[in-house]
Structures are given as structure tokens and as C-alpha cells.
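# Summary of the model geometry
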Amino acid sequence: DKGGHKHFMAKEINEQPTVIAEAIRCYLPTGSNSVTLEGVDLDFRNVERLTMVACGTAYYACLTAKYWFEQLAGLPVEVDVASEFRYREPPMPAKSMALFVSQSGETADTLAALRYCTGKVDGILSVVNAAESSIARESDIALPIHAGVEIGVASTKAFTCQLTVLLILALKAASDRGTMDEAQIADHVAALRGLPSALNTALEQSEAIRRAALRLSEARDVLFLGRGIMYPLAMEGALKLKEISYIHAEGYPAGELKHGPIALIDKNMPVVFMTPTDALFDKTMSNMQEVMARKGKVLMISDAAGLSAGGNDLWNSIAMPEIHASLTPILYALPAQLLAYHTAVAKGTDVDQPRNLAKSVTVE
Ligand code: F6R
């Protein structure tokens, strides 16, 4: 049942405010300003390193969470794609914890990476959608994301629910390790409780995004740029677009532009900037000027202040509500998903069943 939508992907994109509210309700009971995770036997106090491993979109969720664990909890984090990690067989130092992220809980490479870590680390955590899966069963602690069944092959609501649970875990780590005080934690918890309403506001941009997508659908290649915590989302935006619209896309850290990809910029090249007005905004703006100076087509996704700084020469823009700095990757995932979705619909590709892809990759 597509719930009145043309595709499961559209339905699942639109479900995000509801499922994320549910995930928040499960991990942060109403009325509490702290992150205690009752019933979860987890303590980050003596952890000296966290290793996160996953594939595809779940890997980008890990890369995003690295910023949270490092910045909020002062915890060193290593992130790897499972197919590399498992064959590299890296040494695992003492006082390490390993965390595996998987929607299906059955991805062969991620499961093999988990098995490699068994017995070598102090704890195996997983963040899964399928609570009855192999990855959940073989973990010491499996944390469900409460996204509900995801049918569209391209992951949407699972990604943002993974991010939500990972942020809550990072707050738990910050609380255990004393890197944030009660007021700072309460500030993040309050911001999280406001997230579903901001996500609804983002969904209202669907029609504006559809118009931008009509123009994007004519491109051969698209570049996605972001800095800091928006860099992994740039890669996720590019992955979504290539998966379902078959347009070649790449995500890059904006600061890498002049180290290579700027050679691609000409009047035919759309460049999507994921740029909330955060601490790195001015740096990203100067990269945007470099793209504009070479006649690249800039599609800017930002808040009102950011778009006004973006000026009148933008090829296209998508407005997002203002939000707490830690939550921008979750909020900005929605326009990235909608952009891929509407572009694929404009091109007439099979949105829910893209060619050559499977929902669950249980073989290598
Ligand atoms: C992309 C996508 C894939 C999966 C990847 C991992 O939209 O869906 O990249 O994220 O195959 O799958 P899980 O999360 O089931 O381990």
C-alpha cells in the first residue's frame, strides 16, 4: 500500500516526521531532559575508540555520526566500508567498541566485519531496522531505529532514523564521558523534540524541489558539495541521485574543489551546495563563488539567511527552516532525497526498483 503516493519511495520520504518522532519517543521518554537509555547496558566512560562499519547509505550515516561522537563526546572514531574493513583485518586496540549500522541487518559484508570484531573488542553494538536480523542477533546490544518496513530500494527513512539514533547515542556518550553538562544535553534533547516539525516544513518544499528537479534531470553529471557534517550528506545526495535517476553524481568536501573537481565546472554542470548557516558557512560560500565564476549552475540548499547571502545569481535554491547545528544533516537529507526522487520521476526511471540493485545484499 503506497498510502496515496505514486511510489513507495515518496511514501517513505513523507513518513519521516512520524517515524523519527517515534524513534525519539522510544529513546528519550517524554518529560526527560537527559539521555539515560534505560534498559540499555552501555557505558562509554572507558571507551577509547569507536570503530563504525557499514555499506552504502548506512556508511554515510556512520560518517555523519563520526562528527557527533568526536565533537560532542570527544570520542575518537574510525569509519570504514565493510567490504574494505573485513579484508583489511585491521588491528583493534584495547578499549575499542565496534558499531555496525544496517537497515536490513543481513548485509553480508557488514555481518562479516562484525564477526571479525567478535572477541577483539569490548563491545559490539548495532543500529538496525530489522530487529530480528543476523546483525542484531550477533551484537551485544542491538538498537532498533523504528523506521518500519522500508520497501523502496533506495534507503530514505532508514537513513534519517539511523542518524537520529546515532545522535542520541553520541549524546549518551557525551553524558557518560562528562563532555557535555546537563544544560547542554537538555538543549540537544529539546532540539530533537522539535525535529519532526522542522521535517514537516522541509517536506512542504516538495513542489519547489520538483521544479528544480525538472532542470536537474537534463544534466549528465552533478556535483554535491558540503563541509563538515554536511560532507557525508553531500555523498549521500549524490548516491541517491545516481541510484534512481542514473545521472552520474559525486559528493565532495567543498574544500577539495580546487584540488581536482573544479576542472569539471562549466555552464552545463549543476553543483548542489548543502550549506546551512553553520560555522563553516563562509568557507563554503567562497567555494560557491568559485563555481559561479566558472559559470557552474549553483543549486543552493540553505536557510533564509544563507539564501540571502547566496545572492541573485543562483541557478536554483531550496529553502530549509533554521535548526540546531547538530540536526542539519537529518533535516537536509529530505531535500536531497526529494531532489533525487523528482529527478527520477522526471526522467521516467523505475524509482522503487532501480536497475541492478537489490534491497538486501546478502551475498558479496
Ligand atoms: C542506498 C542503499 C544501500 C544500502 C546498503 C546497506 O540507497 O539502500 O546503499 O544502504 O546496501 O544496506 P543495509 O543498511 O541493509 O546494510
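So, here's what we can say about the structure. (Residues numbered from 1 in each chain as written. Predicted model: local features only at pLDDT ≥ 70, side-chain atom pairs only at ≥ 80, totals over all residues. Heavy atoms only, no water.)

### Concerning the environment of N287
Considering the arrangement of structural elements, one finds N287 in helix α11 (residues 281-293). When near neighbours in sequence (up to four residues on either side) are disregarded, N287 contacts R227, A254, G255, L257, K258 and F273. (Helix = DSSP H or I, 4+ residues; strand = E, 2+ residues; numbered from the N terminus. Contact = heavy atoms within 4.5 Å.)

### Points about helix α3 (residues 56-73)
Here α3 spans 25 Å end to end across 18 residues, near enough to the 26 Å set by a 1.5 Å rise per residue. Of the residues one or two after α3, G74 is the one with positive phi, at around 60°. (Expected span 1.5 Å × (residues − 1).)

### Comments concerning the site of the ligand
Around the ligand, the structure places 13 residues, and the nearest of them are S102, Q103, S104, T107 and E243. One of the backbone nitrogen or oxygen atoms of T57 is found 3.2 Å away from an oxygen atom of the ligand. The backbone of S155 places a nitrogen or oxygen atom 2.9 Å from an oxygen atom of the ligand. Alone, the ligand offers 410 Å² of accessible surface; in the complex the protein occludes 90% of this. More than half of the atoms of the ligand fall within 2 Å of the grid points belonging to the largest pocket. Mapped by element, the contributors of at least two residues to the shell around the ligand are α3 and α10 (231-245). Per-element accounting of the shell around the ligand gives the leading share, three residues, to α3. Of the residues belonging to the shell around the ligand, the class tally is four nonpolar, seven polar and two charged. (Near = heavy atom within 4 Å. Polar contact = N/O pair within 3.5 Å; in protein donor to acceptor, adjacent residues only side chain to side chain. Areas by Shrake-Rupley, 256 points an atom, 1.4 Å probe, with all protein chains shown as cover. 1 Å grid on protein atoms, 1.4 Å probe; cavity = no way out; pocket = protein on both sides within 12 Å on 5 of 7 lines; lining within 4 Å. Sits in = over half its atoms within 2 Å of the grid points. Nonpolar A, V, L, I, M, F, W, Y, C, P; charged D, E, K, R; others polar.)

### A look at empty space enclosed by the protein
Taken as a whole and assessed by the stated rule, the structure comprises one cavity of 30 Å³ or more. Roughly 40 Å³ of volume is contained in the largest cavity. In terms of lining residues, the largest cavity is bounded by R227, M230, M274, T275, P276, D278, L280, F281 and T284. Residues of the lining of the largest cavity, tallied by class, amount to five nonpolar, two polar and two charged. (Points joined across faces, edges and corners; volume = space filled by probe spheres on them.)

### Quick notes on the sheet that holds strand β2 (residues 77-81)
Sheet strands line up and pair through hydrogen bonds in the backbone, either parallel or antiparallel. Ordered by their spatial adjacency, five strands build an open sheet running β2-β1-β3-β4-β5, and the pairing between neighbours is parallel. Edge strands, defined here as strands with exactly one partner in the open sheet, are β2 and β5 (141-144). With direction set aside, neighbouring strand axes in the sheet form an average angle of 20°. Pairing of strand β1 (residues 49-54) with strand β3 (residues 96-102) involves five bridges; the strand directions are parallel. Following the sheet pairing, V53 is matched in β3 by F100. (Pairing = 2+ DSSP bridges. Axes fitted to C-alpha atoms, helices over the stretch in contact; angles between N-to-C directions.)

### Topic: the pairing of strand β9 (residues 297-302)
Burial analysis of β9 places five of its six residues in the buried class, which makes it a mostly covered element. With α11 bridging strand β8 (residues 270-274) and its parallel neighbour β9, the resulting β-α-β unit is right-handed. Taken together, the four bridges between β9 and strand β10 (residues 316-319) define a ladder with parallel strand orientation. Its bridge partner lying in β10, L299 is registered against N316. Handedness of the β-α-β unit built from β9, helix α12 (residues 304-310) and β10 comes out right-handed. (Buried < 20%, exposed > 50% of the residue type's maximum accessible area, 1.4 Å probe, protein only. Right-handed = clockwise from strand over helix to strand, strands pointing away.)

### Focus: the pattern of salt bridges
Here the idea is simple: oppositely charged side chains can pair when their charged atoms come close. As enumerated under the stated definition, the model contains 20 salt bridges in all. The shortest N-O distance in the salt bridge between K172 and D176 comes to 3.0 Å. Here K172 pairs with D176, and both are found in helix α7 (residues 157-177), just four residues apart, close to one helical turn. For K172, a relative accessible area of 8% translates into the label buried. E207 is paired through a salt bridge with R210; the nearest N and O atoms lie 2.7 Å apart. (Salt bridge = Lys/Arg side-chain N within 4 Å of Asp/Glu carboxyl O.)

### Some thoughts on the pairing of β8
Across the five residues that make up β8, a large majority, five, are buried. Residues P270, V272 and M274 point to one face of β8 and V271 and F273 to the other, with burial holding for every one of them. Pairing of strand β6 (residues 221-226) with β8, which is carried by three bridges, proceeds in the parallel orientation. If you follow F224 over to β8, its bridge partner there is V272. In the sheet, β8 pairs with β9 via five bridges, with the strands oriented parallel. Within β9, the residue paired with V271 across the bridge is V298.

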